[in-house]
Protein chains: 2
Amino acid sequence: MKKNKAETEQTVQNLINIARHHFTAYGYANASLEEIVKEAGLTRGALYHHFKNKKGLFLAVFEAVQEEVGGYVEAAAAQSKDSWDQLVNGCQAFLEGAVESHNQRILLIDGPAVLGWDTFRKMDEKYSMNSLKEQLQSMQEQNLIKPLSVEAMTHCLSGSMNEAVLWIANHLDRKTDVIKEAMTVLRHLLEGLREEQNT
Amino acid sequence: MKKNKAETEQTVQNLINIARHHFTAYGYANASLEEIVKEAGLTRGALYHHFKNKKGLFLAVFEAVQEEVGGYVEAAAAQSKDSWDQLVNGCQAFLEGAVESHNQRILLIDGPAVLGWDTFRKMDEKYSMNSLKEQLQSMQEQNLIKPLSVEAMTHCLSGSMNEAVLWIANHLDRKTDVIKEAMTVLRHLLEGLREEQNT
DNA sequence: TTAACATACGTACAGTATGTATGTAAATAT
DNA sequence: ATATTTACATACATACTGTACGTATGTTAA
């Protein structure tokens with residue numbers, strides 16, 4: 001029998017979830033649409049009805065992962081009232097969230113290559129990067145960090161964390177320790193941006 | 001007529017150079033081997049004689065670019081006797097070299113996606129990342145930077161610079177200014193690692 | 001000098017993947 | 001109740017990589 005609106009949405013979500021598994025497991029290039037739809041009990045016709053093409057499917061997966069990790073970050077930051085703590089907590093949440101279930105492959109490896117860096121960056125700014133930027137902006141206005149280019153700081157810090165995630169992901173055996181090391185370095189790096197207080 | 005050793009080497013180098021152009025212009029996935037060999041006046045048979053597969057060709061290109069940029073970095077660092085200056089100069093040289101002629105697409109976008117992050121990291125460590133790590137190690141032994149995990153610092157800084165490169169590459173219209181901004185932030189971040197002198 | 005072998009290709013084809021055009025039955029709108 | 005849109009399936013066109021195989025030319029050693 002045929003599907004109604006709600007069931008259709010369910011079908012789409014199911015496709016995205018299955019695709020997510022395939023993309024994380026095999027990487028974008030080696031993930032086969034045929035395999036994905038087979039697992040969903042459909043054919044490629046269905047997939048091309050819901051998504052423009054393979055890249056479109058990947059984009060949907062990418063956004064889902066971004067949103068998920070972004071949620072962690074926001075939640076972690078919201079747990080503190082102190083701006084500096086918010087920043088640090090957000091960073092740690094990002095490290096942990098991005099490492100989780102090989103999200104980093106979608107977020108950091110295939111993301112830029114498949115979407116192109118500019119598209120990737122726009123997406124990234126919409127989600128995780130934006131909160132970092134706003135936090136830095138706000139802290140700068142509070143005179144908590146030095147009056148440097150917020151844009152530049154955001155990119156440098158974001159880059160640090162992205163690479164840290166990939167590094168951590170390759171040492172999952174001692175994950176907590178490596179996260180700790182990374183966070184220590186990050187905190188020290190951030191100290192370099194802290195404005196000397198002269199009340 | 002048949003080719004001798006030297007001519008063969010020339011053919012291989014030519015293929016690498018042409019492939020490099022195609023990879024930077026179209027990206028790995030959209031670069032066609034057929035087009036590459038056509039431009040070289042050969043067929044795919046020749047290519048598969050010299051390289052294992054498309055990935056093998058990309059690896060050769062990747063190594064060539066790495067070596068090139070690595071050369072810039074070493075040269076820039078060697079221009080100073082002061083460890084701190086060496087580090088900063090090396091960083092700047094990396095930013096400039098990696099941005100040059102869209103090298104960033106091969107080095108930072110397709111590199112990890114095509115080779116896989118672990119292979120990519122091994123290559124990167126062999127070339128550019130290694131000099132950074134050794135510099136940090138040496139500076140730590142001189143008590144110039146804090147006794148944090150050199151590994152962690154290397155990854156965070158390397159990540160910063162990689163992302164900075166991509167950012168710069170997307171603002172080529174005001175390239176020098178953006179590089180300046182990035183370097184300013186980088187210098188401040190590095191300050192966070194500097195050991196307070198207590199002689 | 002010539003026989004044995006390696007090298008450097010070219011050619012043809014197989015396999016696999018994406019993407020597109022078209023058909024169709026069910027669901028929804030009118 | 002009928003028309004139209006939706007949600008797929010099917011079949012096919014296209015493009016690309018990779019591989020098997022053939023061949024002509026260099027190279028080396030007997």
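The paragraphs below set out a description of the structure included in this document. (Residues numbered from 1 in each chain as written. Chains lettered and ligands numbered in written order. Predicted model: local features only at pLDDT ≥ 70, side-chain atom pairs only at ≥ 80, totals over all residues. Heavy atoms only, no water.)

## Describing the interface of chain B and chain A
Contacts between the two partners involve 31 residues from chain B, matched on the other side by 31 residues from chain A. In total, chain B and chain A occlude about 2900 Å² of area from one another, counting both sides; carbon and sulfur atoms represent 73% of this. Taken together, the connections running from chain B to chain A amount to 2 salt bridges. We note a salt bridge from B:Glu163 to A:Arg121, for which the minimum N-O separation is 2.5 Å. Applying the counting criterion to the chain B and chain A interface returns 11 residue pairs in polar contact (both at pLDDT 80 or more). When contributions to the side of chain B that touches chain A are tallied by element, the ones reaching two or more residues are helix H6 (103-115), helix H7 (117-141), helix H8 (150-169) and helix H9 (175-191) of chain B. The greatest single-element share of the side of chain B that touches chain A, amounting to 11 residues, is contributed by H8(B). A class-by-class count of the residues in the side of chain B that touches chain A yields 16 nonpolar, 8 polar and 7 charged. (Contact = heavy atoms within 4.5 Å. Buried area = accessible area lost by both parts, 1.4 Å probe. Salt bridge = Lys/Arg side-chain N within 4 Å of Asp/Glu carboxyl O. Polar contact = N/O pair within 3.5 Å; in protein donor to acceptor, adjacent residues only side chain to side chain. Helix = DSSP H or I, 4+ residues; strand = E, 2+ residues; numbered from the N terminus. Nonpolar A, V, L, I, M, F, W, Y, C, P; charged D, E, K, R; others polar.)

## Some remarks on the nonpolar core
Among the nonpolar cores identified, the biggest contains 128 residues, and A:Phe23, A:Leu95, B:Phe23 and B:Leu95 are the most heavily contacted of them. Ignoring any residue separated from it by four or fewer positions in sequence, one finds B:Phe23 in contact with B:Tyr28, B:Ala31, B:Lys54, B:Leu57, B:Phe58, B:Val61, B:Arg105, B:Ile106 and B:Asp110. (Core = buried A, V, L, I, M, F, W, Y, C linked by side-chain atoms within 4.5 Å. Buried < 20%, exposed > 50% of the residue type's maximum accessible area, 1.4 Å probe, protein only.)

## Some thoughts on the relation of the copies chain B and chain A
Between the two copies, chain B and chain A, the superposition gives an RMSD of 0.0 Å; the rotation angle is 180° and the shift along the axis is 0.0 Å. Interpreted geometrically, this transformation is the action of a two-fold axis. For chain B, the minimum C-alpha distance to the rotation axis belongs to B:Gly192 and amounts to 2.0 Å. Same-surface contact between copies: 100% of interface residues of chain B are shared with the interface of chain A. (Least-squares fit on C-alpha atoms with pLDDT ≥ 70 in both.)

## Remarks on empty space enclosed by the protein
For the structure shown, the criterion picks out 2 cavities of 30 Å³ or more. The calculated volume of the largest cavity comes to roughly 280 Å³. What lines the largest cavity is a set of 21 residues, and nearest its centre among them are A:Leu108, A:Leu166, B:Leu108, B:Asn162 and B:Leu166. Sorting the residues of the lining of the largest cavity by element identifies helix H6 (103-115), helix H7 (117-141) and helix H8 (150-169) of chain A together with H6, H7 and H8 of chain B as the ones contributing at least two each. Split by residue class, the lining of the largest cavity holds 13 nonpolar, 4 polar and 4 charged. Of the voids in this model, the second largest cavity is the one considered here, and its volume is about 40 Å³. (1 Å grid on protein atoms, 1.4 Å probe; cavity = no way out; pocket = protein on both sides within 12 Å on 5 of 7 lines; lining within 4 Å. Points joined across faces, edges and corners; volume = space filled by probe spheres on them.)

The values are spatial; any link to function lies outside them.
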